[in-house]
Amino acid sequence: MRKQIKAIFLFAFLCSIVQSQTLPSNNLLKGFVKDENDRPLEFVSVVIEDLGLISSTNSKGMFYFGNVSSGDYLLTFKRNGYQSRSLEVDFSGIDTMLSITMTESLIETPVIDVTGSFNAVDISKSTFSITELNSRNITKLRSQTLAETIQNIPGISNISTGPGIGKPVIRGLGSQSVLIVHDGVKHESQSWGDEHGPELSLFDLERIEVLRGPASLIYGADGIGGVINVISKPLMFSGKKHAIFYGDAVLGGFSGDEQLLGSLGLGVGSKKFGLKGHLGYRNTGNVKTPEGTFLVNTPEGTKEITGGVLSNSSSKEFQAGANLGVNGSFGNVNLGFETFRRELGIHEDPAEDPEATLTQKMNTSQVSIESSFDLSPGFQIKPVFSFQLQDRKEFETKADVESDNYALYLRLGTFDASLKLDHQLSKCLGGTIGTSFTYQKNETLADEKLIPNYYANTVGIYLLEKFIIGDLTLSAGTRLDSKNLNIKETVFETDSAGIPVKVLNPDMINFSSVTGSFGIVYSPVKLLNIYANAGRGWRPPSEFELYVDGVHEGAGRFERGLKSLDPYSVPEPEESINIDLGIRLNYKALRIELSAYRNLVDNFIYPSPTGDTLEGNPVFDIKQSRSTFIGYEYSVQYQPLKWLVLNVSGDFVRTENNATGNPLPFTPPMKNIFEFKLQKHSWGMLLNPYFRISAKVISPQSKTDPLEAKTDGYILLNGGIGFDFEFAKSAASVDLIVTNFADIKYVDHLSRYKGYALNPGRSFSLQLSVPFRF
């Protein structure tokens, strides 16, 4: 299978290179970016979103793109301290000069949506609730995990297993109900495990988009809660005769766990070819929590826990990636490779085993080829192929790590292929039709078996159309998916003589579903968007949810799956109906976004505590029930003065198991964040110097499952100072950030340590980011 996959990648890439040599290489798209006083603006990031091409303005405010085929494109313009802009361009293929004016502003807002549609659209035409972190904000907020980096976005929470493992939660839904997409490809990280976080590099990123609400129409199964779209920095190509050389370096550290991090990226681009690579490294010590004692709630009653250093909570990781691309008037092709290696310790309850050193080792690699070919004006065909391989090992002790004596070893291989045809039938009507295929093979290679050996394949076909007329945008689409799961005979347990005593027999299960979405955006005035969306999503039960039957060391639970409890049961896929309503207002110095939703999920799958104990671990049964999620998010930004901006944001979700009337486990508490930020355009040699302070207010969570512990509320004070400066034709940056400035003792409701360990205390982080271009 791997040989065939490699052959596909090689054949497609060689064909693209041959084609690029036979087509013309003119088609220059260039432009001049200025401020309100007609002065040229340097360091503006310019992206042709439809093609994934990036450039930046020079000291004269000029940018250049070469080899751009004719078509309608959406361009974005971003610079720190200025209001981001988007511009729709009808490019005829003849050399074209654009002129763009940018306005000073401290208000930050997304200008496009690439996650809620198959193509980039202006945010004013998006029917989804979208939030974006741009590259500058990622630099400021970069944490150890993706979930922690984005957890302050409205509607987003973080199920954490210490600072080293974080799983994003969107509107109360987590695990496989949240899709992680990396550069157009679904990220597979065996996300069925509570302590299995996304294994993604947080370096070399252009932006992170968060879509709240089901996205099964676009991405197929899963994603009932939403999508987190992680987008790497694109290749840079030269718009002139000479090649460009570029890159970036990052150095930083955190005091809370004595963490050190660093990365280096290098790239070169000519008119037709681009090449870049990056390396990243992170090493953390044990986590420090506030000293002293603290009372927490547990299912058994109140318990006193002690702060200090959390033993066995250190980690180290290595990341690397490379991209090779071809850009021509025919379109573009990008061949990519990523690898992510991590080793981390999991802190366990010291009252049960103070010497425990449970350790995980993960190795995730991905190779992909993404292409876009112009068939004729208004028509593009986009094939994408990828292969991911993930090895996950768990060790009971550090000594076992040295001898590679693993207790759990899972190997998952995933091949994804998709082919879509984008079509613009007229100025007001366009869309996408396509198909996708996924093949997975899982091998359980250790004596401990959490999930069986299996093969699975999923096929989908879809259609999405968007109609724009005047101030009204309508979008509608439908999708059909089918998943075939082939379970192989798996020995789960043997006796002392090695004779099997618990064997899972071969099994075949099929799941299928029809999903769809309908959305509308109305703009009665230019600065106001009123949007609504009704969507149907689906998610088949994972192999873990079906067949788990035993102690899950990483989760500290004895878990039993749907088919383990009843081999004759016929589990149904989750199917959701979600309704979203929202407004986006941009009026002078004020930006407001409000959204409310109701998500009804049939056959919702969740782990339920039974109150029993087996083999020294609490028993959790996997169950299904109709469940309801109702909530809202809000974000308000107000800039009363040129150098001052006030931000207020927050979210709330109420969950209910309709069968029992009880809240669902792990329901996030209400969150409100208040921020005060000062920022000047320049101060001497410094650009955009800023100072900010914020208060994160988390409400008590008293509405819990009867067998789940309640948690108290808390307030975290956070702050930061920083600035940009010119270096090698780019804008470098320095950021000093402090979290939990008051060093308060608290436990978060979504912390899996909350019954025996505090959350981290005060921590200072200092990061230097230096991009460069020659």
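Residues numbered from 1 in each chain as written. Predicted model: local features only at pLDDT ≥ 70, side-chain atom pairs only at ≥ 80, totals over all residues. Heavy atoms only, no water.

### Side note on the overall build of the protein chain
Right, so step 1: Each helix and strand in the protein chain was counted, giving 7 helices and 45 strands.
Right, so step 2: The C-alpha atoms of the protein chain give a radius of gyration of 26 Å, which matches the 28 Å a tight globule of 774 residues would have.
Right, so step 3: Look at the contacts in the protein chain between residues 6 or more apart in sequence, and 65% of them connect residues 24 or more apart.
Right, so step 4: Here the protein chain holds 73 positive side-chain charges and 86 negative ones, and the gap between their average locations is 8 Å. (Helix = DSSP H or I, 4+ residues; strand = E, 2+ residues; numbered from the N terminus. Rg over C-alpha atoms; globule rule 2.2 N^0.38 Å. Contact = heavy atoms within 4.5 Å. Lys, Arg positive; Asp, Glu negative; His and termini not counted. Charge placed at Lys NZ, Arg CZ, Asp CG, Glu CD.)

### Here we look at the environment of Phe 764
Right, so step 1: Counting through the fold element by element, Phe 764 comes out in strand β45 (residues 763–773).
Right, so step 2: Look past the residues within four positions of Phe 764 in its chain and what remains in contact with it is Gly 253, Phe 254, Ser 255, Ile 737 and Val 738.

### Describing the packing of aromatic side chains
Right, so step 1: Summed over all chains, the structure comprises 12 aromatic pairs.
Right, so step 2: On the basis of an interplanar angle of 35 degrees and a centroid distance of 6.3 Å, the ring pair of Tyr 439 and Tyr 455 is categorised as tilted. Residue Tyr 439 is found in strand β27 (residues 429–444), and its partner Tyr 455 is found in strand β28 (residues 454–469); the two are separated by 16 residues along the sequence.
Right, so step 3: When its relative accessible area of 23% is taken as the criterion, Tyr 439 is described as partly exposed.
Right, so step 4: Here the aromatic rings of Phe 604 and Tyr 606 are separated by 6.0 Å at their centres, their planes lie at 15 degrees, and the arrangement is stacked. (Phe/Tyr/Trp six-rings, centres within 6.5 Å; stacked < 30°, edge-to-face > 60°. Buried < 20%, exposed > 50% of the residue type's maximum accessible area, 1.4 Å probe, protein only.)

### Digging into the side chain of Glu 42
Right, so step 1: Considering the arrangement of structural elements, one finds Glu 42 in the loop between β1 (29–34) and β2 (45–48).
Right, so step 2: Within the buried core, Glu 42 has no salt-bridge partner, and the shortest N-O distance to an opposite charge, that of Arg 773, equals 5.7 Å.
Right, so step 3: With near-sequence residues (within four places) excluded, Glu 42 lies in contact with Thr 57, Asn 58, Ser 59, Arg 79, Glu 726 and Lys 729. (Salt bridge = Lys/Arg side-chain N within 4 Å of Asp/Glu carboxyl O.)

### So, the sheet that holds strand β5 (residues 71–78)
Right, so step 1: A sheet is described by the order of its strands in space; here 4 strands give the open sequence β3-β2-β5-β6, paired in antiparallel fashion. Taken across any chain shown, the strands that pair with only one partner, and hence form the sheet edges, are β3 (53–56) and β6 (85–91). The mean angle between the axes of side-by-side strands here comes to 25 degrees, regardless of whether they run parallel or antiparallel.
Right, so step 2: Relative to β6, β5 runs antiparallel, the two being bridged by 7 bridges. Bridge pairing links Leu 74 to Glu 88 in β6. (Pairing = 2+ DSSP bridges. Axes fitted to C-alpha atoms, helices over the stretch in contact; angles between N-to-C directions.)

### Here's the deal with the nonpolar core
Right, so step 1: If you look at the biggest cluster of nonpolar residues, it comprises 27 residues, and the most contacted ones within it are Ile 48, Phe 63, Leu 75 and Phe 77.
Right, so step 2: Of all the secondary-structure elements, those providing two or more residues to this core are β1, β2, β3, β4 (62–65), β5, β6, β7 (96–101) and β17 (244–254).
Right, so step 3: Among the nonpolar cores identified, the runner-up in size contains 23 residues, and Leu 410, Leu 450, Phe 511 and Tyr 547 belong to it. (Core = buried A, V, L, I, M, F, W, Y, C linked by side-chain atoms within 4.5 Å.)

### Topic: the pairing of strand β42 (residues 686–698)
Right, so step 1: Here strand β40 (residues 671–679) runs beside β42; their pairing, made up of 9 bridges, is antiparallel. Bridge pairing in β42 places Asn 672 opposite Val 697.
Right, so step 2: Examined bridge by bridge, strand β41 (residues 682–683) and β42 share 2 bridges and lie antiparallel to one another. Residue pairing in the sheet places Ser 682 in a bridge with Leu 687 of β42.
Right, so step 3: Between β41 and β42, which pair antiparallel in sequence order, lie 2 residues; one of them, Gly 684, sits at a positive phi of approximately 65 degrees.

### Looking at the sheet that holds strand β14 (residues 185–186)
Right, so step 1: If you trace the 5 strands from one edge of the open sheet to the other, you get β10-β15-β16-β13-β14, paired in mixed fashion. Strand pairing shows two members of the sheet lacking a second neighbour, β10 (129–134) and β14, which therefore form its edges.

### Details of the environment of Asp 349
Right, so step 1: Looking at the secondary structure, you find Asp 349 in the loop between β23 (331–345) and β24 (359–376).
Right, so step 2: Take Asp 349: its relative accessible area is 12%, and that puts it in the buried class.
Right, so step 3: The residues touching Asp 349, leaving out its near neighbours within four places in the chain, are Lys 303 and Tyr 756.
Right, so step 4: Polar side-chain contacts of Asp 349 include one of 3.0 Å to the backbone nitrogen of Ala 351. (Polar contact = N/O pair within 3.5 Å; in protein donor to acceptor, adjacent residues only side chain to side chain.)

### Focus: a nonpolar patch on the surface
Right, so step 1: Taken together, Tyr 638, Leu 646, Phe 676, Phe 691, Ile 693, Ile 715, Leu 717, Ile 721, Leu 736, Phe 741, Phe 764 and Leu 766 make up a surface patch of nonpolar side chains, about 1000 Å² in accessible area.
Right, so step 2: Counting only elements with at least two residues in the nonpolar patch, the list comes to β42, β43 (714–727) and β45.
Right, so step 3: A total of 3 residues in the nonpolar patch trace back to one element, the largest contributor, which is β43.
Right, so step 4: Turning to its location among the elements, Leu 766 is positioned in strand β45. (Patch = residues over 30% accessible without salt bridge, like charges linked within 9 Å, V, L, I, M, F, W, Y side chains within 5 Å. Areas by Shrake-Rupley, 256 points an atom, 1.4 Å probe, with all protein chains shown as cover.)

### Description of the pattern of salt bridges
Right, so step 1: A full pass over the atoms with the stated rule returns 41 salt bridges.
Right, so step 2: Here Arg 136 ties to Asp 735 by a salt bridge, and the two come within 2.9 Å at their closest N and O atoms. Taken together, the residues span a long stretch of sequence, with Arg 136 in helix α2 (residues 135–141) and Asp 735 in strand β44 (residues 730–739) at a distance of 599 residues.
Right, so step 3: Across the pair Asp 481 and Arg 479 runs a salt bridge, and its minimum N-O distance is 2.8 Å.
Right, so step 4: For Arg 479, a relative accessible area of 4% puts it in the buried group.

### Digging into unusual backbone geometry
Right, so step 1: The backbone of Phe 43 shows a phi angle near 70 degrees, a positive value even though the residue is not glycine.
Right, so step 2: By secondary structure assignment, the location of Phe 43 is in the loop between β1 and β2.
Right, so step 3: A positive phi is found at Ser 175, a non-glycine position, where the angle reads about 50 degrees.
Right, so step 4: Relative to the helices and strands, Ser 175 is located in the loop between β12 (166–170) and β13 (178–182).

### Brief notes about the pairing of strand β31 (residues 500–504)
Successive side chains on a regular strand alternate, one facing one side of the sheet and the next facing the other.
Right, so step 1: Here strand β30 (residues 490–494) pairs with β31 via 4 bridges, running antiparallel. In the strand pairing of β31, Glu 493 is matched with Lys 502.
Right, so step 2: Linking β30 back to β31 in an antiparallel pair, the connection comprises 5 residues, with Gly 498 at a positive phi of about 85 degrees.

### Some remarks on the environment of Leu 707
Right, so step 1: With respect to the helices and strands, Leu 707 occurs in the loop between β42 and β43.
Right, so step 2: Among the residues examined, Leu 707 registers a relative accessible area of 38% and is labelled partly exposed.
Right, so step 3: In the structure, Leu 707 is positioned 151 residues away from Gly 556 in sequence and 16 Å away in space, judged by C-alpha atoms.
Right, so step 4: Beyond its immediate stretch of four places on either side in the chain, Leu 707 contacts Pro 299, Pro 609, Thr 610 and Gly 611.

### Points about the side chain of Thr 76
Right, so step 1: Turning to its location among the elements, Thr 76 is positioned in strand β5.
Right, so step 2: Reaching out from Thr 76, the side chain makes a polar contact with the side chain of Glu 49 at a distance of 2.8 Å.
Right, so step 3: Leave out the neighbours within four places in its chain, and Thr 76 touches Ser 45, Val 46, Val 47, Glu 49, Arg 85, Ser 86, Val 111 and Ile 112.

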